[in-house]
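# A look at the structure
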Amino acid sequence: MTAPATRDVLLTCPLDCPDACRLKITLERQDDGSERAIKLGGDPNHPITRGFACAKTVHYPKRQYHPDRPTHPLKRVDDTFVRVSWDEALEDIAARLKRVLAEHGPNALLRYNYAGTMGLREGTHVHSFFRALGAPELDETICATAGTEGWAMTYGPRYGVRPQDVPHARTILLWGINSLTSNSHLTPWLTQARKNGARIIHIDPYRNKTSLYADEHVKIRPGTDAALALGLARELIVNGWHDETYLQDATVGFDEYRESALAWTPERTAEVTGVSPETLRALARQIGEHGPLYVRVGYGMTRHENGGTALRAATMLPALTGAWRHRGGGANVSTSGYFHLNRTHLGAAHLIRPGVPHVNMNQLADALAPERGFKAMFVYNCNPAVVAPDSERVIQGLRRADLFVVVLEQAMTETARHADYVLPATTFMEHADVYTSYGHTHLGYNPATLPPIGEARPNSWVFQELARRLGITEPSVYWSMDDLLAHLLDTDHPFLAGFTPERLKAEGTLPLNLPDDLRPFADGAPTASGKVQLSPAPEFIPVDAQLNDAYPLRLLTPPAHHFLNSTYGHLDVLTSAEGHEPHALIHPDDAQRYGLTDGAYANLTSEVGATQRRVRVTDATQPGVVVVEGSWWGLSAPDGRSINAITAQTLTDLGGGSTFHNTRIRVEPARG
Ligand SMILES: Nc1nc2c(c(=O)[nH]1)N[C@H]1C(S)=C(S)[C@@H](COP(=O)(O)OP(=O)(O)OC[C@H]3O[C@@H](n4cnc5c(=O)[nH]c(N)nc54)[C@H](O)[C@@H]3O)O[C@H]1N2
Ligand SMILES: Nc1nc2c(c(=O)[nH]1)N[C@H]1C(S)=C(S)[C@@H](COP(=O)(O)OP(=O)(O)OC[C@H]3O[C@@H](n4cnc5c(=O)[nH]c(N)nc54)[C@H](O)[C@@H]3O)O[C@H]1N2
Ligand code: SF4
Ligand SMILES: [Mo]
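None of the values given here were measured: they were computed from a predicted structure.

The environment of ligand 3 is made up of C13, C17, D19, A20, C21, L23, C54, K56, T57, S184 and H185. Per-class residue counts for the shell around ligand 3 are six nonpolar, three polar and two charged.

Have a look at this one:
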């Protein structure tokens with residue numbers, strides 16, 4: 001008997017998820033001597049991963065070995081793709097690019113990317129190619145910038161409460177986040193807090209996994225969080241539950257904030273938010289009498305016209321009660337701020353020229369209009385045909401005959417299907433990279449562990465090959481993983497004291513040097529004033545896209561439990577766990593009003609477009625609110641359209657962010 005030829009490796013999950021798990025992957029030796037990933041779970045020794053991977057990523061091996069995964073360069077010839085060699089692809093792409101640059105200049109070249117991988121090399125540093133050419137900047141706003149900006153105005157850096165401090169909190173608000181789905185490794189810490197006596201309240205327009213887990217669900221009307229936060233602030237102030245000492249010592253602008261809050265009586269708040277005065281008073285009492293308060297806000301609440309201010313208003317409550325003075329007290333939107341890496345040359349940021357044009361990535365549909373003048377586009381780590389607002393117009397743009405489109409991909413996404421070239425990309429098991437986290441404070445490193453499937457290559461390899469052919473001389477474009485790592489760790493910041501490339505590589509994951517008793521804003525904040533900034537006071541401003549007779553319903557399009565954005569949309573095992581096709585959740589009152597029946601198809605129409613979805617009638621949602629979970633591939637929908645066929649390019653009040661939950665629609669039974 002020979003021993004089973006398997007071994008376990010530990011690698012950081014590269015996906016756009018706060019948990020940045022340390023995964024335990026079992027590799028099995030094949031007859032030909034190669035190795036194959038056969039099983040994936042969580043590292044039991046990682047303090048945040050705690051031995052489990054999520055319901056989606058346990059299936060990553062199926063993605064890695066998917067039969068449709070591109071494994072060699074593909075070139076469009078008429079309406080089909082033909083296999084070409086790397087050399088032919090790179091020579092041709094370089095020649096096309098040279099022509100575009102010569103005829104139209106660098107302003108005709110667009111990069112479009114997001115966080116398909118969170119790796120700093122394959123995700124971020126590769127932008128150096130475009131900066132060396134002087135191409136326009138892409139403002140990476142599709143996800144986090146409204147929240148980042150809202151947080152920064154009050155607190156400065158994103159020093160959120162760490163998961164391991166959460167068990168010290170006694171009132172926990174999960175606000176605009178379906179954390180059991182989108183931040184599942186927070187759950188054990190929440191459960192521990194509950195065992196310690198905490199009460200957990202979920203503030204969300206519809207009932208989902210997190211509402212069922214919480215002790216209480218507050219079903220707020222979408223887009224009204226600033227009003228609820230101000231209403232709570234008023235109750236806390238009039239009952240004397242605010243912390244005068246903290247406000248005096250650690251904040252500026254309290255007078256202004258108080259004045260703004262006092263206008264929000266429980267009755268007025270109820271009218272706007274749909275949350276009854278009794279519920280509001282009880283919630284304020286819970287916060288006032290059972291500290292410390294921990295507010296976990298999600299990006300979900302920011303995806304509205306006034307989403308930045310909404311997040312600001314919600315995250316000010318722990319300042320009002322002085323919760324930051326206590327371990328576990330405070331708020332979190334992201335822990336990214338703790339990673340004080342040296343980023344001066346990351347992505348060749350030093351080359352960004354003043355006055356270079358910017359493209360807001362939420363406005364890709366507009367940017368791809370012919371008159372904007374883009375002639376060549378590279379897409380990597382992103383699937384804009386599905387995830388970008390107004391996606392039908394995005395697809396029209398990708399299909400333009402006079403736009404040369406190169407897509408670097410691990411899957412034959414709908415974006416890739418519209419490309420002129422599809423270049424096969426490696427996965428996190430096949431390339432080296434370094435990873436921060438926005439949900440915890442451990443830095444991760446992955447070596448290249450498996451050989452690439454077929455002729456797949458890392459993004460960095462592709463851009464270096466093209467850079468050579470274009471004669472780019474900027475050194476950082478050609479950095480190796482080791483060069484980049486040395487740069488990132490070249491800092492004296494105390495959080496990174498003792499971090500060396502050798503140590504990070506040897507240990508794979510390293511906790512930042514943070515005190516056990518962290519309390520980042522206990523005495524103030526690293527803002528311009530040195531204090532937590534309550535000024536300008538948040539105000540509730542109703543959205544421009546008010547519901548009306550033509551569009552009487554608000555559409556929310558939050559994450560699905562078994563997907564990670566569109567990354568798993570082609571795995572049968574996960575689409576079937578989500579009900580095989582996307583559904584529109586509609587309240588029984590609305591179903592009756594608009595003549596819809598459970599299981600039938602409906603047309604969803606907005607000012608931007610229309611699409612069809614199967615209806616699920618459920619009181620999980622509320623009257624006036626339709627929910628379609630998940631960035632499904634359009635191919636899974638009855639009409640082949642992404643839900644973003646009907647979302648708009650409208651930007652948030654702060655940070656130029658996306659407004660995926662702001663869409664006003666009408667629904668009608670679909671005929672035929
Ligand atoms: N399973 C899974 N996990 C994921 C993802 C995924 O697609 N699937 N996506 C990942 C990514 S890219 C990100 S950015 C993160 C976070 O991804 P986000 O899309 O920001 O998701 P959440 O933060 O969970 O927030 C979604 C919740 O916000 C609620 N919401 C919508 N509008 C409002 C409102 O006006 N007020 C309030 N109070 N709530 C509102 C929705 O009903 C939903 O329950 O999750 C990551 N994790
Ligand atoms: N309606 C609606 N739309 C949304 C959202 C929503 O809640 N509702 N959420 C928004 C949010 S929060 C986000 S973050 C965006 C996410 O949008 P995207 O960043 O586009 O995320 P994914 O859809 O997961 O697609 C990532 C792609 O990157 C590819 N990829 C992964 N690793 C690599 C690599 O190493 N190299 C290359 N070349 N490719 C790689 C994957 O195969 C995948 O196809 O979607 C946004 N769109
Ligand atoms: S997607 Fe998130 S929860 Fe799932 S394994 Fe990756 S980091 Fe962990
Ligand atoms: Mo995101």
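So, on to the side chain of H561. Along the chain, H561 falls in the loop between β22 (553-556) and α23 (572-577). Within polar-contact distance, the side chain of H561 engages the side chain of T181 at 2.7 Å. Setting aside residues no more than four positions away along its own chain, H561 makes contact with A55, K56, L180, T181, K209 and E578.

On to the packing of aromatic side chains. The description of an aromatic ring pair uses the distance of the two centres, along with the angle that the planes make with each other. Taken as a whole and judged by the stated rule, the model has 26 aromatic pairs. Between F378 and F463, the aromatic rings sit 5.8 Å apart at their centres with planes inclined by 55°, giving tilted as the arrangement. With F378 in strand β15 (residues 376-380) and F463 in helix α20 (residues 459-470), this residue pair connects regions lying 85 residues apart in the sequence. Lying over the aromatic face of Y65, R36 brings its terminal NZ or CZ to 4.0 Å of the ring centre. A cation sits over an aromatic face here: R194 above Y213, 4.4 Å from the ring centre.

Across the sheet, three strands lie side by side as β18-β19-β20; this open sheet has antiparallel pairing. Whereas interior strands pair on both sides, the edge strands pair on one side only; in this sheet they are β18 (433-435) and β20 (509-511). Strand-to-strand twist in this sheet, taken as the mean axis angle between neighbours without regard to direction, amounts to 15°. Against the sheet, helix α21 (residues 481-488) engages β18 and β19 (442-446), with an angle of about 30° to β18.

We now examine the sheet that holds strand β13 (residues 330-332). The five strands lie next to each other as β10-β9-β8-β12-β13, forming an open sheet whose pairing is parallel. Strands at the two margins of the open sheet, each flanked by one partner only, are β10 (216-218) and β13. Between one strand axis and the next, the sheet turns by 20° as a mean value, whatever way the strands run. Pairing of strand β12 (residues 293-297) with β13, which is carried by three bridges, proceeds in the parallel orientation. Across the sheet, residue V295 finds its bridge partner in β13, namely A331.

Attention now moves to the environment of S658. Relative to the assigned elements, S658 resides in the loop between β26 (625-627) and β27 (663-669). The spacing of S658 and S480 is 178 residues in sequence and 34 Å in space, taken between C-alpha atoms. Beyond its immediate sequence surroundings of up to four residues, S658 is in contact with T141, I142, C143, T302, R303, H304, N362 and T652. Within the structure, S658 has its side chain in polar contact with the backbone oxygen of I142 (distance 2.7 Å).

Let's shift gears to the pattern of salt bridges. If you walk through the whole model with that rule in mind, you get 36 salt bridges. Residue E235 is joined to R234 by a salt bridge in which the shortest nitrogen-to-oxygen separation is 3.5 Å. The pair formed by E235 and R234 is uniform in burial state, with each residue classed as buried.

Right, let's talk about the UniProt feature "domain: 4Fe-4S Mo/W bis-MGD-type" (unreviewed entry) in the chain for a bit. Per the UniProt record, "domain: 4Fe-4S Mo/W bis-MGD-type" (unreviewed entry) is found at residues 6-68. Measuring from the first to the last C-alpha atom of residues 6-68 gives 26 Å, for a span that is 8% helix and 37% strand.

So, on to the site of ligand 2. Ligand 2 sits among 30 residues. The nearest are R63, E409, S566, T567 and N644. A distance of 2.6 Å separates an oxygen atom of ligand 2 from a polar side-chain atom of R63. At 2.9 Å, a backbone N or O of V387 approaches a nitrogen atom of ligand 2. Considering only residue class, the shell around ligand 2 consists of 11 nonpolar, 15 polar and four charged.

This brings us to helix α14 (residues 307-315). Residue pairs three or four apart in sequence face the same way in an α-helix, which turns once every 3.6 residues. For α14, a buried count of nine out of nine residues is recorded, marking the element as mostly surrounded by other parts of the structure. Taken together, the buried positions of α14 are G307, G308, T309, A310, L311, R312, A313, A314 and T315.

This paragraph deals with the environment of R207. With respect to the helices, strands and loops of the structure, R207 is situated in the loop between β9 (199-203) and α8 (209-213). The class of R207 is partly exposed, set by a relative accessible area of 33%. Expressed as a C-alpha distance, the spacing of R207 and L11, which sit 196 residues apart in the sequence, is 34 Å. Excluding its chain neighbours within four sequence positions, the residues that come into contact with R207 are L212, H217, K219, D619 and A620. A polar contact is formed between the side chain of R207 and the side chain of D619, at a distance of 2.9 Å.

On to the nonpolar core, then. Among the nonpolar cores identified, the biggest contains 128 residues, and Y112, I172 and W175 are the most heavily contacted of them. In terms of domain composition, this core takes at least three residues from each of domain 2 (74-136 + 339-386 + 395-507) and domain 3 (161-333). Setting aside chain neighbours within four positions, we find Y112 in contact with L138, I142, M361, L364, M377, F378, V379, Y380, C382, P384 and A388.

A word on the pairing of strand β17 (residues 421-424). Side chains Y421 and L423 project from β17 onto one buried face, and the interleaved V422 and P424 project onto a second face that is buried too. The pairing of strand β4 (residues 74-77) with β17 spans two bridges and is classified as antiparallel. Residue pairing for β17: L74 is matched across the bridge by V422. Where strand β16 (residues 404-409) lies against β17, four bridges are found, and the strand directions are parallel. Along β17, the bridge assignment pairs V406 with Y421.

Analysis parameters
Residues numbered from 1 in each chain as written. Chains lettered and ligands numbered in written order. Predicted model: local features only at pLDDT ≥ 70, side-chain atom pairs only at ≥ 80, totals over all residues. Heavy atoms only, no water. Near = heavy atom within 4 Å. Nonpolar A, V, L, I, M, F, W, Y, C, P; charged D, E, K, R; others polar. Helix = DSSP H or I, 4+ residues; strand = E, 2+ residues; numbered from the N terminus. Polar contact = N/O pair within 3.5 Å; in protein donor to acceptor, adjacent residues only side chain to side chain. Contact = heavy atoms within 4.5 Å. Phe/Tyr/Trp six-rings, centres within 6.5 Å; stacked < 30°, edge-to-face > 60°. Lys NZ or Arg CZ within 6 Å of the ring centre and 35° of its normal. Pairing = 2+ DSSP bridges. Axes fitted to C-alpha atoms, helices over the stretch in contact; angles between N-to-C directions. Salt bridge = Lys/Arg side-chain N within 4 Å of Asp/Glu carboxyl O. Buried < 20%, exposed > 50% of the residue type's maximum accessible area, 1.4 Å probe, protein only. UniProt positions renumbered as here; feature names shortened; annotations may be inferred. Core = buried A, V, L, I, M, F, W, Y, C linked by side-chain atoms within 4.5 Å. Domains from an automatic or database assignment.

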